[in-house]
Amino acid sequence: MYTRHRHFLKAHHPYRRLKKAFNGSQEHETARIPLTGEQVFQWVEHLNTIFGKTQKKDKSKSCIWKKRSVFFDLPYRSDLDVRHCIDVMHVDKNVCDSVIGTLLNIQGKTKDGLNTRQDLADMSIRSQLHPRFDGKKIYLPPACHTFSRKEKISFCQCLCRVKVPQGYSLNIKSLVQFKELKLVGLNSHDCHVLMQ
């Protein structure tokens, strides 16, 4: 989690004043104004891009970009309002997989692991979630967003009972595995339907 993400909110948003739920302090800064297409082009116009693994990384901090996109050769590139093309279906799938993996605490899919908890300890925030070491074992206290076994069963049963119009989505019941209490084989469209 990016700890300063609240500076993108409106000036009087209530989340800006919350301390305990975030990093222990209020957020008073405002977000930077995005660069225009012309400003971005000025940063990258002199970059020399060499493709392949033989390229040595530039260690200097003079430029944050490593290569110049071929799209900068388009004459209208600097005039575009949206300069980034995001594949919504893949973003939907990534977010859905992360949310479901975290809620159901699926091994390898959850974003709430030991490294995340150690980061909280390093930042000295949310002490109730810090990992606890008991000899060789490590205990991660359950977070408020992690489902209990009963809640996982209820969630899976709910997904098994979902009825949608024919052709709207795959039968989600076939994706639910009650033995492991997880969803398996979700494709991009299924994730999109679940997120809706």
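Residues numbered from 1 in each chain as written. Predicted model: local features only at pLDDT ≥ 70, side-chain atom pairs only at ≥ 80, totals over all residues. Heavy atoms only, no water.

Asker: Hey, could you run me through unusual backbone geometry in this one?
Answerer: Excluding glycine, residues mostly carry a negative phi; peptide bonds, for their part, are mostly trans. Here Arg-126, not a glycine, exhibits a phi torsion of approximately 50°, which is positive. Mapped onto the fold, Arg-126 is located in the loop between helix H3 (114-122) and strand E1 (132-134). Given a relative accessible area of 24%, Arg-126 falls into the partly exposed group. Even without glycine at this site, Leu-181 takes up a positive phi of about 55°. Locating Leu-181 in the fold gives a position in the loop between strand E3 (176-177) and strand E4 (182-183). (Helix = DSSP H or I, 4+ residues; strand = E, 2+ residues; numbered from the N terminus. Buried < 20%, exposed > 50% of the residue type's maximum accessible area, 1.4 Å probe, protein only.)

Asker: How should the side chain of His-130 be read in this particular structure?
Answerer: Tracing the sequence through the fold places His-130 in the loop between H3 and E1. Residue His-130 is classed as buried on the basis of its relative accessible area, which comes to 18%. Here the side chain of His-130 touches Ile-125 through a polar contact of 2.8 Å, landing on its backbone oxygen. Once residues lying within four places of it in the same chain are set aside, the contact partners of His-130 are Leu-120, Ala-121, Ile-125 and Pro-141. (Polar contact = N/O pair within 3.5 Å; in protein donor to acceptor, adjacent residues only side chain to side chain. Contact = heavy atoms within 4.5 Å.)

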